[in-house]
Amino acid sequence: MAIYHLQCNIGTKLEGHSAGAKCAYITRTEDYAKKADECAYTASGNMPKWPKTNPQEDPAHYWKAADIYERDNGRLFRELEIALPRELNLEQQKALCHAFAEKITNLKGEGGKLPFTFSIHTDKDNHNPHFHLMISERINDGLNRNASTWFKRASPKDPKKGGAIKSQELNGKQWLNPTRETWATMANEALKNADQKATIDHRSNEARGIENIPQKHMGAKCAGMMKRGAHCQRGPNIEMFNKGAKFQKDYLPAPHARAKLPMKAMRQVHTRVSSPLRKDGKLKTWQEIADELSQQFAQLMKIWHQTEMDRLRRERERIEQTMGGINFSFGPAARPTTATRKMGGP
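Residues numbered from 1 in each chain as written. Predicted model: local features only at pLDDT ≥ 70, side-chain atom pairs only at ≥ 80, totals over all residues. Heavy atoms only, no water.

Enquirer: Looking at this structure, how should I read the layout of surface pockets?
Expert: The gaps left among the atoms become clear once a water-sized probe is rolled over them. The calculated volume of the second largest pocket comes to roughly 250 Å³. If you trace the second largest pocket, you find it lined by K103, I104, N106, L107, K108, E169, L170, Q174, W175, P178, T179 and T182. Going through the elements one at a time, α3 (90-104) and α5 (173-193) are the ones with two or more residues in the lining of the second largest pocket. By residue number, the principal contributor to the lining of the second largest pocket is α5, which donates 5 residues. (1 Å grid on protein atoms, 1.4 Å probe; cavity = no way out; pocket = protein on both sides within 12 Å on 5 of 7 lines; lining within 4 Å. Points joined across faces, edges and corners; volume = space filled by probe spheres on them. Helix = DSSP H or I, 4+ residues; strand = E, 2+ residues; numbered from the N terminus.)

Enquirer: What should I look at first to understand the packing of helix α1 (residues 19-27) against helix α2 (residues 60-69) in this one?
Expert: Each packed pair of helices is defined by two parameters, the angle between the axes and the distance between the axes. Two elements in contact, α1 and α2, have axes whose closest approach is 7 Å; the angle formed by their N-to-C orientations is 150°. By the angle between their axes, α1 is roughly antiparallel relative to α2. Two secondary-structure elements touch here, α1 through A19, G20, A21 and C23 and α2 through A60, W63, K64, A66 and D67. Partitioned by chemical class, the residues of the contact of α1 with α2 number 6 nonpolar, 1 polar and 2 charged. (Axes fitted to C-alpha atoms, helices over the stretch in contact; angles between N-to-C directions. Parallel < 35°, antiparallel > 145°, perpendicular 65-115°, else oblique. Contact = heavy atoms within 4.5 Å. Nonpolar A, V, L, I, M, F, W, Y, C, P; charged D, E, K, R; others polar.)

Enquirer: What's the story with the environment of E91 in this structure? I'm lost.
Expert: Positionally, E91 belongs in helix α3. Using a relative accessible area of 53% as the deciding quantity, one classes E91 as exposed. Through-space distance from the C-alpha of E91 to that of Y41 is 9.7 Å; in sequence the pair is 50 residues apart. (Buried < 20%, exposed > 50% of the residue type's maximum accessible area, 1.4 Å probe, protein only.)

Enquirer: I tried to follow unusual backbone geometry on my own but got confused; where do I start?
Expert: Apart from glycine, the bulk of residues carry a negative phi angle, and the bulk of peptide bonds sit in the trans form. Its identity is not glycine, yet R28 carries a phi of approximately 55°, on the positive side. Note on placement: R28 falls in the loop between α1 and β2 (39-45).

Enquirer: In this structure, what is going on with the environment of Y25? I would like to understand it.
Expert: Structurally, the position occupied by Y25 is in helix α1. In this structure the C-alpha to C-alpha distance between Y25 and C39, which are 14 residues apart in sequence, comes to 9.7 Å. Apart from residues no more than four positions distant in its own chain, Y25 is found in contact with Y32, H121 and H132.

Enquirer: What exactly am I supposed to notice about the pattern of salt bridges here?
Expert: Side chains that differ in charge, positive against negative, can pair when their charged atoms come close. Scanning all chains against the criterion turns up 11 salt bridges. Residues E137 and R75 are paired through a salt bridge, measuring 2.8 Å at the closest nitrogen-oxygen approach. Of this pair, E137 sits in the loop between β5 (130-135) and α4 (147-150) while R75 is found in strand β3 (residues 75-83), placing the two residues 62 residues apart along the sequence. Judged by its relative accessible area of 3%, E137 falls in the buried class. Ionic pairing is found between K161 and D158, a salt bridge with its closest N-O pair at 3.9 Å. Assessed through its relative accessible area of 28%, D158 is described here as partly exposed. Ionic contacts of the salt-bridge type, sharing partners, join the residues E70, R138 and K166 into one network. (Salt bridge = Lys/Arg side-chain N within 4 Å of Asp/Glu carboxyl O.)

Structural measurements only, silent on function.
Following this line, the structure appears as structure tokens:
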């Protein structure tokens, strides 16, 4: 079944990220060559041509140069991690990824194109096909530069002496939200062209009028750590949250009768537990996290019980009206009605 997942990450020198290492990871080369079979396809576009090292022939040159020449507080890359529809075959996925990468790196307001590299990752069971898209913020304006000059600060007066201009269109939600919608539109079009009925939607459940709590995406890295038994702080929290979301979907009343409190409570659970810090700024202990989960789950059960009792009360009143006033109350507090007296009741 096709699912929607699009996550945006930013790599910066200040936080110790490496564009060269990220490129090697998504293309499954160098230190990651042992998992080369996971990379089904890789491609790049809009790369500049440098005198000594040519990124058009080997895109790794571009990303490694960014690590060397980009300023210390500069952004190295933006990465989009996107789930691919399993209903599409590899060739259809390639075409979709190419079209999407070309579209979002073709700047409208500023003009020019942004260099990019993407790779499609698959597994034997086709369980989690996805692709990683790395985007550089440096606009390829076609001017001849070498690697060191490319990553310098831009010079509006003399562009040839300065570096490539950094795009401002990729900042904030003004870029991310339209990008999310663009992917949904293009993926649905590809599914339709492949005669598939499945569709995806970039909107939240709340925006679509669906009261079910959306589950959190675990991610391959986190899931792999939990499978190996390695320490993973986010994994148990996400797993507990998803169990609660499934419980809410399976056992709470129909949407028209469902209280909004369980949804808010679940969101509060995830917000509180997903943060490793206490209010005083110190790290939480595992016992504190477990206690929070236990308390919040108890509150959820209390809310669910009250909601379920309200549903049963409404159902009982409906049956009483249908049966002509027969009282279906139980217990010693139940009062006799006209119907029970006629039937010989007390």
